[in-house]
Amino acid sequence: MSVMTATSPIRTPDLRSTPTMTKRAWWLVGLNLLIPGSAQILAGNRRLGRFGVGATFLLWGLGLVGILVWFVAHTVILSIVTNPIGLTAIQVVLAAYTVLWILLTLDTLRLTRLIATAPAMRPAIAALSILALAVTAGAAGYGAVSAGSARNAVTSIFAGSEMAAPVNGRYNILLVGGDAGPDRTGLRPDSTSVASIDATTGATTIIGIPRNMEHIQFAKGSPLYGPFPQGYNCGDQCLLDYLYTYGEEHKSLYPTAASKGSSPGIEALKDAAEGVTGLSIQYYGLIDMQGFSELIDALGGVTIDVPAKLAYGPVTATEPYGTFEAGPQHMNGYLALWYGRSRYKGTDYDRMARQRVVQEAMLKQFQPSIVLTKFQDIAKAGAQVVKTDIPSAALPGFVDLGDKARKLSVTHLELVPPTFNQNKPDYEKLHAAVKAATTPPAATPAP
């Protein structure tokens, strides 16, 4: 007899028949797992059931549309999931589904009349109910929490709403590793580089600038050109990394920095990087090196191919803190930070090269699947570690470029000796080298 007839044991069971009640319970719990709400249509409150089934089909439909849009125009999806308003809407919808599916699962368990089923089957039926709750309400609840974490991260990290246009077809982003440890007064740039990204292909060139470069020149439009028309030259203190402090001590030079999500110190470093590279820099990204290890840990570590055995530790250490063996090494955040920052029996230039290796390894290895499964930890760490003036409106485009960049080799240009003189920079030579490194190769004519 069909389960859909009026005399169906699903709706009007024989409470005295243990086999019938057991079979009925399996049906109801299974249907609730497959299509939440269907158990209520067959055996309970049909109005609630129709609402549950309709809501379930609606979510499936939205998911299918989202998948189709992703393949046709995925920037639309990226625009939604990187926008605080879109993320709030997603969080509210998923939270509502979580409550609905909890209600439907608990009601389904009530409808099974578990006490009338075979005693040996009761634990299994209850376990399947819990599985249904985890698959439906649990997944929706996780999604709601993740959407909230993403919204908080987006609003705390990304500032502004106006997206800058690419210059000569490229986005140029100043990357600063900031060291604001407990033994430091304020923040001191630990590393400075520029990521130049092709706005069409995502091809990326990372330009490393020594933090102890001298005689930094500034364009005439820079606020620093006034006090330093002949370049930043006042002795040992006037190095690149001190410009952050100089900017913070002379805030009047950059009165609008804070309103743009930046700071006078960062703007001073931007002007310096523009003078060194000859590029127009649209944005910056500041990474707190003290929290950098947390971000790598949140992503599950990073694998680095160590070219040769390396003892690591601070430059002042008499004995190393440890040793990296040659070959592929999977490092947690603590070790990756030391690999990128160690100066034990080494130089700033050695360290700069290792930092680029870590950056490229992160770019290549952190796949979307890893980010999704550890999203909350990443969002929490990112909000503590990263500061930038990239607006949230630019996120879809940069996420798309980042995906393209992962599939390409990253070009590295280190402006270090012996090729380049850090004490008396030859700016014509520097700018020519940067232009060559950031100019895409000419297309080969078809035969």
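Every chain begins its residue count from 1, and numbering advances along the sequence as written. pLDDT decides what is reported in this predicted model: residues at 70 or higher carry local features, side-chain atom pairs at 80 or more are listed and counted, and totals for whole chains, interfaces and linings draw on all residues regardless. Based on all heavy atoms of the structure, the side-chain values leave hydrogens and waters out of the count.

Chemist: Before we move on, could you go through the pattern of salt bridges and cite the residues and values that matter?
Modeler: Salt bridges are identified by distance alone: a Lys or Arg side-chain nitrogen within 4 Å of an Asp or Glu carboxyl oxygen. For the structure on display, the rule yields 6 salt bridges. Two residues, arginine 170 and aspartate 198, come together in a salt bridge whose shortest N-O distance is 3.9 Å. Note that arginine 170 is positioned in strand β1 (residues 170-179) and aspartate 198 in strand β2 (residues 188-198), a separation of 28 residues in sequence. The pair arginine 170 / aspartate 198 is uniform in exposure class, with both members buried. Among the ionic pairs, glutamate 248 bridges to lysine 251, the shortest N-O distance being 2.9 Å. Burial classes follow relative accessibility: with a 1.4 Å probe on protein chains only, a residue under 20% of its type's maximum area counts as buried, one over 50% as exposed, and anything between as partly exposed. In this structure glutamate 248 comes out as partly exposed when scored by relative accessible area, which is 23%. Starting at the N terminus, helices and strands are each numbered in turn, a helix being any DSSP run of H or I of at least four residues and a strand any DSSP run of E of at least two.

Chemist: Pulling in residues and values, what's your account of helix α3 (residues 46-81)?
Modeler: Compared with an ideal rise of 1.5 Å per residue, which puts 36 residues at 52 Å, α3 spans 35 Å between its outermost C-alpha atoms and falls more than 12% short. Within α3, the axis deviates most sharply at alanine 73, by approximately 120 degrees. Every buried residue of α3 is listed here: Gly49, Gly52, Val53, Ala55, Thr56 and Leu78. In protein, a polar contact requires one atom able to donate a hydrogen and another able to accept it; more generally it is a pair of N or O atoms within 3.5 Å, and residues adjacent in sequence count only if both atoms are side-chain atoms. Residue asparagine 45 occupies the N-cap position of α3, its side-chain oxygen lying 3.0 Å from the main-chain nitrogen of arginine 47. Take the number of residues in a helix, subtract one, and multiply by 1.5 Å to get its expected span. Here the bend at each residue means the angle between axes fitted to two seven-residue stretches, the one ending at that residue and the one beginning there.

Chemist: Account for empty space enclosed by the protein, naming residues and giving values.
Modeler: Gaps left between atoms are located by rolling a probe of water-molecule size over the structure's atoms. Any residue with an atom within 4 Å of a point lines the site, the site being either a cavity, points on a 1 Å grid over the protein atoms alone where a 1.4 Å probe fits but cannot get out, or a pocket, an open set with protein on both sides within 12 Å along at least 5 of 7 lines. Grid points are joined across faces, edges and corners, and a volume is the space filled by probe spheres set on the points. On inspection of all chains with the given rule, the structure shows 1 cavity of 30 Å³ or more. Here the largest cavity defines a volume of roughly 70 Å³. Forming the walls of the largest cavity are Asp190, Ser191, Thr192, Ile209, Pro210, Arg211, Asp348, Arg351, Met352, Gln355 and Arg356. Of all the elements in the fold, those that place two or more residues in the lining of the largest cavity are β2 and α10 (348-365). Counting residues per element, the lining of the largest cavity draws most heavily on α10, which supplies 5 residues. Tallied by class, the residues present in the lining of the largest cavity amount to 3 nonpolar, 3 polar and 5 charged. When residues are sorted by character, Ala, Val, Leu, Ile, Met, Phe, Trp, Tyr, Cys and Pro go into the nonpolar class, Asp, Glu, Lys and Arg into the charged class, and all the rest, Gly among them, into the polar class.

Chemist: An account of unusual backbone geometry is needed here, citing residue identities and associated values.
Modeler: With an omega of 5 degrees, the peptide bond between proline 417 and proline 418 qualifies as cis. Its location among the elements puts proline 418 in the loop between β10 (411-414) and α14 (427-438). Although it is not a glycine, asparagine 168 adopts a positive phi angle of roughly 55 degrees. By secondary structure assignment, the location of asparagine 168 is in the loop between α5 (122-157) and β1. At histidine 215, a residue that is not glycine, the phi angle is positive and equals roughly 55 degrees. The class of histidine 215 is partly exposed, set by a relative accessible area of 25%.

Chemist: Outline the packing of aromatic side chains, supporting the account with residue identities and numerical values.
Modeler: When the centres of two rings from Phe, Tyr and Trp lie within 6.5 Å, Trp using its six-membered ring, the rings pair. Their planes under 30 degrees apart give stacked, over 60 give edge-to-face, and anything left gives tilted. Counted according to the given criterion, the structure contains 12 aromatic pairs. A centroid spacing of 5.4 Å and a plane angle of 55 degrees characterise the contact between phenylalanine 57 and tryptophan 60, whose relative ring orientation is tilted. Of the two residues, phenylalanine 57 and tryptophan 60 are both situated in helix α3; the distance of 3 residues between them amounts to about one turn of the helix. When its relative accessible area of 43% is taken as the criterion, phenylalanine 57 is described as partly exposed.

Chemist: So what's going on with the side chain of lysine 270? Residues and values would help.
Modeler: Along the chain, lysine 270 falls in helix α7 (residues 264-277). A polar contact of 2.9 Å, which involves the side chain of lysine 270, links it to the side chain of aspartate 389. Those residues in contact with lysine 270 that lie beyond four places of it in its chain are Leu174, Ile281, Gln282, Tyr283, Tyr284 and Asp389. Contacts: residue pairs with any heavy atoms within 4.5 Å of one another.

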